[in-house]
Amino acid sequence: MPRRMLIAGNWKMHGLRADLGFFDSLAAPAARSNAEVLICPPATLLAAAAERCAGTDILLGGQDCHTNATGAHTGDVSAPMLKDAGARYVILGHSERRSDHAESSELVCAKADAALAAGLTPIICVGETLEQREAGEAFDVVGAQLSASLPAGAGTEFVIAYEPVWAIGTGLTASADDVARMHAFIRTRLSKPASTRVIYGGSVKPGNAAELMALDDVDGALVGGASLDIDAFAAIIATAG
Ligand code: PEP
């Protein structure tokens, strides 16, 4: 079965109730697309976004979850809570979580297990820094992140997002060649390479999306900044067929 493209928007720490009209504008581009269209708003907006998206093709996700389902963890959000609020996916191991909160790949793996147990599909982010790329270590770094971050066990479904850290929010994008090579490498490290989606993230914009989405091993995009702009995000969705 061909892998269905996934165009995912990561709103990061942006979005208030006043922004919910975005979903009304997104409904038609999502309905027209063959791709899955996903928005990961801040957790505070999930339930209201789920109400707003009822009856549309728009899917929702969280941006992180705790390893435990409940407990004394002030300020954290669990996977069952995200699911209860309307999420289908959860982004895990984003480079901003890895750097701002010192998240290790082992922690990301435990979070992925928690997400799967709650019925969420994890989107597991990996990617090298500029220093690592310039030192020729990109494949080793991503390989090590994959080995330690991926949940084990048959029947587990997850998405990998390759996000070179130096391309996130910088306006720099990896070249199509670099993306193709890294995605092909990532696929060799998967237990179910034919069915696991590997998406690209890092300054995806309407102007570069078509070239990236056309690559054989690229199954969609994780979009930060451009997912806050309905026209830009709709244009990116359109490149995914
Ligand atoms: C991201 O947040 O995962 C991301 C890729 O951001 P941007 O598109 O802004 O680079």
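Please refer to the structure higher up on the page.
For the structure given in this document, a descriptive report is provided here. (Residues numbered from 1 in each chain as written. Predicted model: local features only at pLDDT ≥ 70, side-chain atom pairs only at ≥ 80, totals over all residues. Heavy atoms only, no water.)

1. Things to note about the side chain of His 94
- Within the element layout of this structure, His 94 appears in the loop between β4 (89-92) and α4 (95-100).
- You can call His 94 buried: its relative accessible area is 4%.
- Not counting residues within four places of it along the chain, the set of residues in contact with His 94 comprises Asn 10, Lys 12, Cys 125, Glu 163 and Ile 168. (Helix = DSSP H or I, 4+ residues; strand = E, 2+ residues; numbered from the N terminus. Buried < 20%, exposed > 50% of the residue type's maximum accessible area, 1.4 Å probe, protein only. Contact = heavy atoms within 4.5 Å.)

2. Thoughts on the site of the ligand
- The full set close to the ligand counts 14 residues, and Lys 12, Glu 163, Gly 169, Ser 203 and Gly 224 are the nearest of them.
- A distance of 2.8 Å separates an oxygen atom of the ligand from a polar side-chain atom of Lys 12.
- When the ligand is considered free in solution it has 290 Å² of accessible area, and contact with the protein chains removes 97% of it.
- In the shell around the ligand, the residues fall into four nonpolar, eight polar and two charged. (Near = heavy atom within 4 Å. Polar contact = N/O pair within 3.5 Å; in protein donor to acceptor, adjacent residues only side chain to side chain. Areas by Shrake-Rupley, 256 points an atom, 1.4 Å probe, with all protein chains shown as cover. Nonpolar A, V, L, I, M, F, W, Y, C, P; charged D, E, K, R; others polar.)

3. Regarding helix α7 (residues 138-149)
- Over its twelve residues, α7 runs 16 Å from end to end, which matches the ideal 16 Å to within 8%, given 1.5 Å per residue.
- Taken together, the buried residues of α7 touch α4, α5 (105-117), β5 (121-126), α6 (130-134), β6 (159-162) and α8 (176-188). (Expected span 1.5 Å × (residues − 1).)

4. Quick notes on the environment of Ala 35
- Looking at the element boundaries, Ala 35 is found in the loop between α1 (21-32) and β2 (36-40).
- Judged by its relative accessible area of 2%, Ala 35 is buried.
- In sequence terms Ala 35 and Arg 4 are 31 residues apart; their C-alpha atoms lie 6.1 Å from each other.
- In this view, Ala 35 contacts Arg 4, Met 5, Ile 7, Ala 240 and Gly 241; residues no more than four positions away in its chain are not counted.

5. Let's talk about the pairing of β5
- For β5, the buried fraction is high: six of the six residues fall into the buried class.
- Across four bridges, the pairing between β4 and β5 is parallel. Opposite Leu 92, over in β5, you have Ile 124 as the bridge partner.
- By the bridge criterion, four bridges tie β5 to β6 in an arrangement that is parallel. The residue of β6 that forms the bridge with Cys 125 is Ala 161. (Pairing = 2+ DSSP bridges.)

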